[in-house]
Amino acid sequence: MASKTDRVMSLRAVRQLRRIRAFYSAGILLWAASTAWTGWESPGSRQMWVSALLLVVFTGLLLAASLWLRRLEAAGSPEPAHHAASRRTTTPRHAHA
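Residues take numbers from 1 onward in each chain, read along the sequence in its written order. Local features are withheld for residues below a pLDDT of 70 in this predicted model, meaning they are given only at 70 or higher, and side-chain atom pairs are given and counted only at 80 or more; totals for whole chains, interfaces and linings count all residues. Each side-chain value is worked out from all heavy atoms of the structure, with water and hydrogens disregarded.

Caption draft 1: Seen up close, the overall build of the chain. Secondary structure assignment for the chain yields two helices and zero strands. Only protein chains enter the calculation, and the probe is 1.4 Å; a residue is then buried if its accessible area is under 20% of its type maximum, exposed if over 50%, and partly exposed in between. Relative to its 97 residues, the chain shows a buried fraction of 19%. The contact criterion used is simple: two residues touch if any of their non-hydrogen atoms lie within 4.5 Å. At a minimum sequence separation of 6, the contacts of the chain that also span at least 24 residues come to 70%. Reported accessibility uses the Shrake-Rupley method at a 1.4 Å probe radius. Residues are deemed covered only where the shown protein chains occlude them. Here the chain has roughly 8300 Å² of accessible surface; of this, 64% comes from carbon and sulfur atoms. Helix and strand labels come from DSSP, where a helix needs a run of H or I of at least four residues and a strand needs a run of E of at least two; each type is numbered from the N terminus.

So, in structure tokens, the structure goes:
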């Protein structure tokens, strides 16, 4: 059984991976737009190839983060604990007369 600290660390890791995945997605959009713009303005230029390289780098980072997140979630990290009372009850709410 996993300790409470392990559970907190895995939940923190999942949360951070989800945030970084959003950051990498934004990077992909930025560098895709930059590559398209630079390719339109000056095809084959050094700036276009640098933009394309950064697009590939951010795509690789997004894939790595997504795979890592999938492995963490598949490893059985439980759902986050809800601090509110459960909606399910074991006894009926209303007594029948």
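Caption draft 2: Main features of helix α2 (residues 46-74). Here α2 contains 29 residues, and its C-alpha end-to-end distance of 42 Å stays within 8% of the 42 Å for a straight helix at 1.5 Å per residue. When we look at burial in α2, the residues that qualify are M48, S51, A52, F58, L62, A65 and L69. Multiplying 1.5 Å by the helix residue count minus one yields the expected span of that helix.

Caption draft 3: Structural view of the pattern of salt bridges. Each salt bridge in this description consists of a side-chain nitrogen of Lys or Arg and a carboxyl oxygen of Asp or Glu lying within 4 Å of one another. Under the criterion given, the structure shown has one salt bridge. A salt bridge links R18 to E73; the nearest nitrogen and oxygen atoms lie 2.6 Å apart. Taken as a pair, R18 in helix α1 (residues 4-41) and E73 in helix α2 lie far apart in primary sequence, 55 residues in all. Given a relative accessible area of 37%, E73 falls into the partly exposed group.

Caption draft 4: Local environment of the nonpolar core. The definition of a nonpolar core used throughout is a set of buried Ala, Val, Leu, Ile, Met, Phe, Trp, Tyr and Cys residues joined through side-chain atoms within 4.5 Å. Among the nonpolar cores identified, the biggest contains eight residues, and these are V14, L17, Y24, I28, F58, L62, A65 and L69. Discounting residues that sit within four places of it in the chain, A65 has contacts with L17, I20 and Y24.

Caption draft 5: Looking closely at the packing of aromatic side chains. Any Phe, Tyr or Trp ring, taking Trp's six-membered ring, that has another such ring centre within 6.5 Å forms a pair; planes under 30 degrees apart are called stacked, those over 60 apart edge-to-face, and the others tilted. Under the counting rule described, the total for this entry stands at three aromatic pairs. Look at F23 and Y24: their rings are 6.0 Å apart centre to centre, the planes differ by 55°, and that puts the pair in the tilted class. Judged by its relative accessible area of 49%, F23 is partly exposed. Residue classification places Y24 among the buried residues on the basis of a relative accessible area of 15%. Between F23 and F58, the aromatic rings sit 6.3 Å apart at their centres with planes inclined by 55°, giving tilted as the arrangement. With F23 in helix α1 and F58 in helix α2, this residue pair connects regions lying 35 residues apart in the sequence. What links up through ring pairs into an aromatic cluster is the set F23, Y24 and F58.

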